[in-house]
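Here is what each chain is made of, one letter per residue.
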Amino acid sequence: DFKTGERIVTLSGEAYFEVNHNNQPFTVKTEAGDVKVTGTKFNVKNRKNMPFQVALSVGSVSFMTKQGQYEMKPGDVITSKDNVSFTKSGINDATLGWMESKLIFENEELYKIILALEAQYNIIFEYDTKLKSEKLTLTFNHLSANQAAELLSKTLNSKVIVK
């Protein structure tokens, strides 16, 4: 309900926003900082045990942290692993793939892939944790949780199951 003259949401998780332009600023509050916009399309990832990320598709946003302010333009991505230091890069296929049920990992450690899959499917995967540092390049395109586990099992030559 935005009757107060301000449009403020608090995010824990990941969401893609399409904000209509009007005179009321729109703010997304996260543990890492606040994203302020007046009209734009952007993604905010604020998931537990995963890097924080703001990705701007259209328009402009300001991202304010305790350390400073970042002005973003279309194609910019701001990422942080610790909510203290932030880096700016560009959008790639992996950034917004989740919106089309596509998860893309390039040279990523297995435990990070498992964390992302668990967040995507809202389930737990069981796997041999001795392999957690194995680096993989994989694309999960419209796969169910069980199909993702099967792909990982074949790739690792080790059992991965959905709990």
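Just above sits the structure.
Residues numbered from 1 in each chain as written. Predicted model: local features only at pLDDT ≥ 70, side-chain atom pairs only at ≥ 80, totals over all residues. Heavy atoms only, no water.

## What about the side chain of Ser153?
For Ser153, the location among the structural elements is in helix α3 (residues 145-156). A residue is classified by how much of its surface remains accessible, and Ser153, at 16% relative accessible area, is buried. When sequence neighbours within four positions are dropped, the list of residues in contact with Ser153 reads Ser158, Lys159 and Val160. (Helix = DSSP H or I, 4+ residues; strand = E, 2+ residues; numbered from the N terminus. Buried < 20%, exposed > 50% of the residue type's maximum accessible area, 1.4 Å probe, protein only. Contact = heavy atoms within 4.5 Å.)

## Remarks on the packing of aromatic side chains
Each aromatic ring pair is described using two quantities: the centre-to-centre distance and the angle formed by the ring planes. A complete count under the given rule lists nine aromatic pairs for this structure. Their ring planes at 20° and their centres at 5.0 Å tell us that Phe17 and Phe42 sit as a pair that is stacked. Linking Phe17 in strand β2 (residues 13-19) with Phe42 in strand β5 (residues 40-46), this pair joins segments that are 25 residues apart in sequence. Each member of the pair Phe17 and Phe42 is classed as buried. Judged by centre distance (5.3 Å) and plane angle (20°), the ring pair of Phe52 and Phe63 falls under stacked. Highlighted residues: Phe52 in strand β6 (residues 52-58) and Phe63 in strand β7 (residues 61-64), separated in sequence by 11 residues. Classification of Phe52 as buried rests on a relative accessible area of 2%. Chaining the aromatic ring pairs together yields one cluster made of Phe52, Phe63, Tyr70 and Phe86. (Phe/Tyr/Trp six-rings, centres within 6.5 Å; stacked < 30°, edge-to-face > 60°.)

## Some remarks on the pattern of salt bridges
Under the definition given, this model contains eight salt bridges. Residues Lys88 and Asp76 are paired through a salt bridge, measuring 3.7 Å at the closest nitrogen-oxygen approach. One end of the pair, Lys88, is in strand β10 (residues 87-90); the other, Asp76, is in strand β9 (residues 76-80), with 12 residues separating them in the sequence. The exposure class assigned to Lys88 is partly exposed, which follows from its relative accessible area of 46%. The exposure class assigned to Asp76 is buried, which follows from its relative accessible area of 7%. Of the charged contacts, one joins Lys112 and Glu108 as a salt bridge, the two residues approaching to 3.8 Å between their closest N and O atoms. Since its relative accessible area comes to 28%, Lys112 is described here as partly exposed. (Salt bridge = Lys/Arg side-chain N within 4 Å of Asp/Glu carboxyl O.)

## Topic: the nonpolar core
Of all hydrophobic cores here, the largest spans 20 residues; its most connected members are Leu110, Phe125, Phe140 and Leu152. For this core, the elements supplying multiple residues, two or more each, are β11 (102-109), α2 (110-121), β13 (135-141) and α3. If we ignore the near neighbours within four places in the chain, the residues touching Phe140 are Ser101, Lys102, Leu103, Phe105, Ile113, Leu117, Ala148, Leu151 and Leu152. One finds Val19, Val35, Ile78 and Phe86 within the second-largest nonpolar core, a separate group that totals 19 residues. (Core = buried A, V, L, I, M, F, W, Y, C linked by side-chain atoms within 4.5 Å.)

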